[in-house]
Amino acid sequence: MLQGCRDFLELTLTHPIELDPVAPFELGGHTRVSLWDTGVLVFEPLSGSSKDIVISSGVHGNETAPIEMCNSLIQDLLGGALCAGERVLFLIGNPPAINNGTRIVDENMNRLFSGEHSRGPGLCHPERVRAKKLEAYVTRFFNEGGEGGDKSDGRHRIHYDLHTAIRGSKHEKFAIYPYRAGRAFSGEQIMFLAAAGVDTVLFHHEPTTTFSYFSSEHFRADAFTIELGKVFPMGQNDMSKFADTREMLKRLICAEPLGLAPFDETKVNLYQVRRVINKQADDFEFTFSSDVPNFTAFEKGHVIAREAGRDILIEADSEAVVFPNAKVPIGQRTVIMLVPARDPDVR
Ligand SMILES: O=C(O)CCC(=O)N[C@@H](CCC(=O)O)C(=O)O
Ligand SMILES: [Zn+2]
């Protein structure tokens, strides 16, 4: 089915829920290719490697640019224009939502990891079932690679979960670095991201149920949620804006020299998550308009939102907003509040 497959994304979207695994086959005498399920594809160099790399896209169905970029890398690998030098697992997260052209179908998949899919109402709809399967595929992929974690720790495990943001951003491309209890941040990873055009990093301050946190926490992977720009419908992305990102992912996958500069905090924008504001009442509303870009800062005392007759104020001298979204279910995150990172533990 895969050999001679015209387009991996088309195959995935034609089988949005599941696809029988395909027996591994060899490509060009150098790579083993395995299809584990719909949107789940593994490339393994026959001559060995040192990295296990997960690249996921489409966890939110309307975030199309990363899906198109990954599909083009996959097509080049399948077609022989590129040759994998490292083990790579590509995941297209939420095919039914991609077919729908929407962020979610029933529930935000990126709040369902680290077992959250099975809590509360349990596996009651496809996004929960898929999140559980995605965890299992990542687990299998890292375990089959062998012992690993951060770069200094056996095989180097990496997970880039690629997204695009609902609104525009003062920093067009940025990454969320999941909370890492007792682990320093990787300067090399931050410089890799910068070379990929992702010049801004947010250090999260607490555990979450996102996909990148799952890989970071359970497999000690260098894992990130990466926002590559603003959402556009499939086919309407200016792919030239993703050239640097694609180039660096290509070099990584193909084990080409990365040519990274040493960590230099003057070359990147580093923010610390100060707090997350969760929605507590149906009437939650922001005081700023929907076209205010991510990373807009407000001064101490400014009222940024209201709910249940209560004002929500800026607490620090200045705090910047990212991902403001009043239309989330009660209990979920409406906005992340940022301050500049002061002396982050980057090594
Ligand atoms: O633009 C928005 O409001 C959301 C974009 C998006 O999907 N962001 C991720 C971030 C995940 C993280 O915090 O690591 C999400 O909300 O799931
Ligand atoms: Zn997203």
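Residues numbered from 1 in each chain as written. Chains lettered and ligands numbered in written order. Predicted model: local features only at pLDDT ≥ 70, side-chain atom pairs only at ≥ 80, totals over all residues. Heavy atoms only, no water.

A.B. asks: It is not clear to me how helix H6 (residues 211-219) should be interpreted in this structure. Could you clarify?
C.D. replies: Count 3.6 residues to each turn of an α-helix, and residues three or four apart come out pointing the same way. Within H6, seven of the nine residues are buried, leaving the element largely enclosed by the surrounding structure. Along H6, the residues that are buried comprise Phe211, Ser212, Tyr213, Phe214, Ser215, Ser216 and Phe219. Looking at the packing, one finds that the buried side of H6 touches strand S4 (51-57), strand S5 (87-92), helix H4 (126-145), strand S6 (148-149), strand S7 (155-165) and strand S10 (222-230). For H6, the side-chain oxygen to backbone nitrogen distance between the N-cap and Tyr213 is 3.3 Å, and the N-cap itself is Thr210. Arg220, located one to two residues past H6, shows a positive phi value of around 50°. (Buried < 20%, exposed > 50% of the residue type's maximum accessible area, 1.4 Å probe, protein only. Helix = DSSP H or I, 4+ residues; strand = E, 2+ residues; numbered from the N terminus. Contact = heavy atoms within 4.5 Å. Polar contact = N/O pair within 3.5 Å; in protein donor to acceptor, adjacent residues only side chain to side chain.)

A.B. asks: Looking at this model, I keep getting lost on the site of ligand 1. Mind explaining?
C.D. replies: Around ligand 1, the surrounding shell holds 15 residues, and the nearest of these are Asn110, Arg111, Ile166, Thr225 and Glu227. Here Arg111 contributes a side-chain N or O atom positioned 2.8 Å from an oxygen atom of ligand 1. Contact with the protein chains hides 98% of the accessible area of ligand 1, taken as 430 Å² for the molecule alone. The site holding ligand 1 turns out to be the largest pocket. Those elements giving two or more residues to the shell around ligand 1 turn out to be S7 and S10. (Near = heavy atom within 4 Å. Areas by Shrake-Rupley, 256 points an atom, 1.4 Å probe, with all protein chains shown as cover. 1 Å grid on protein atoms, 1.4 Å probe; cavity = no way out; pocket = protein on both sides within 12 Å on 5 of 7 lines; lining within 4 Å. Sits in = over half its atoms within 2 Å of the grid points.)

A.B. asks: Got a minute to help me understand the pattern of salt bridges in this structure?
C.D. replies: Two side chains of opposite charge can pair, provided their charged atoms sit close to one another. Evaluation of the coordinates by the stated rule reveals 27 salt bridges. A salt bridge links Arg140 to Glu144, with the nearest nitrogen and oxygen atoms 3.0 Å apart. On the criterion of helical spacing, the pair formed by Arg140 and Glu144 is a turn pair, its members being four residues apart in helix H4. Take Glu144: its relative accessible area is 48%, and that puts it in the partly exposed class. One network of salt bridges, with partners in common, ties together Arg32, Glu44, Asp52, Arg87 and Arg155. (Salt bridge = Lys/Arg side-chain N within 4 Å of Asp/Glu carboxyl O.)

A.B. asks: Help me out: how do you make sense of the packing of aromatic side chains in this one?
C.D. replies: A ring pair, where both rings are aromatic, is described by two values, the distance of the centres and the angle of the planes. All chains considered together, the criterion is met by 18 aromatic pairs. Residues Phe43 and Phe90 carry aromatic rings whose centres are separated by 6.0 Å and whose planes lie at 90° to one another, so their mutual orientation is edge-to-face. Taken together, the residues span a long stretch of sequence, with Phe43 in strand S3 (residues 40-45) and Phe90 in strand S5 at a distance of 47 residues. Like Phe43, the residue Phe90 is buried in the burial classification. Judged by centre distance (4.1 Å) and plane angle (35°), the ring pair of Phe185 and Phe203 falls under tilted. You can see Phe185 sitting in the loop between strand S8 (174-177) and helix H5 (187-195) and its partner Phe203 sitting in strand S9 (residues 200-203), a full 18 residues away along the chain. Exposure remark for Phe185: the relative accessible area of 12% places this residue in the buried category. Residue class for Phe203 comes out buried when judged on its relative accessible area of 0%. Directly above the ring of Phe141 sits Arg87, whose terminal nitrogen or CZ lies 4.2 Å from the centroid. Positioned above the aromatic ring of Phe232 is the side chain of Lys230, whose terminal nitrogen or guanidinium carbon lies 5.8 Å from the ring centre. (Phe/Tyr/Trp six-rings, centres within 6.5 Å; stacked < 30°, edge-to-face > 60°. Lys NZ or Arg CZ within 6 Å of the ring centre and 35° of its normal.)

A.B. asks: How do you make sense of the UniProt feature "domain: AstE/AspA barrel-sandwich hybrid" (unreviewed entry) in the protein when you look at a structure like this?
C.D. replies: With numbering aligned to this structure, UniProt lists the feature "domain: AstE/AspA barrel-sandwich hybrid" (unreviewed entry) at residues 267-340. Taken end to end, residues 267-340 is 0% helix and 50% strand, and its first and last C-alpha atoms sit 14 Å apart. (UniProt positions renumbered as here; feature names shortened; annotations may be inferred.)

A.B. asks: Would you mind showing me how to read empty space enclosed by the protein here?
C.D. replies: Gaps left between atoms are located by rolling a probe of water-molecule size over the structure's atoms. Applying the stated criterion to the full structure yields one cavity of 30 Å³ or more. As a volume, the largest cavity reaches approximately 50 Å³. Taken together, Tyr160, Leu162, Phe192, Leu193, Ala196, Val198, Ile226, Thr245 and Leu249 form the lining of the largest cavity. Here the residues of the lining of the largest cavity sort into eight nonpolar, one polar and no charged. (Points joined across faces, edges and corners; volume = space filled by probe spheres on them. Nonpolar A, V, L, I, M, F, W, Y, C, P; charged D, E, K, R; others polar.)

A.B. asks: Would you mind going over unusual backbone geometry with me for this structure?
C.D. replies: Residues apart from glycine generally show negative phi values, whereas peptide bonds are mostly found in trans. Even without a glycine there, the phi angle at Arg220 is positive, about 50°. One non-glycine residue, Phe295, lies in the positive phi region at around 80°. With respect to the secondary-structure elements, Phe295 resides in the loop between strand S12 (285-286) and strand S13 (297-299). You can call Phe295 buried: its relative accessible area is 4%.

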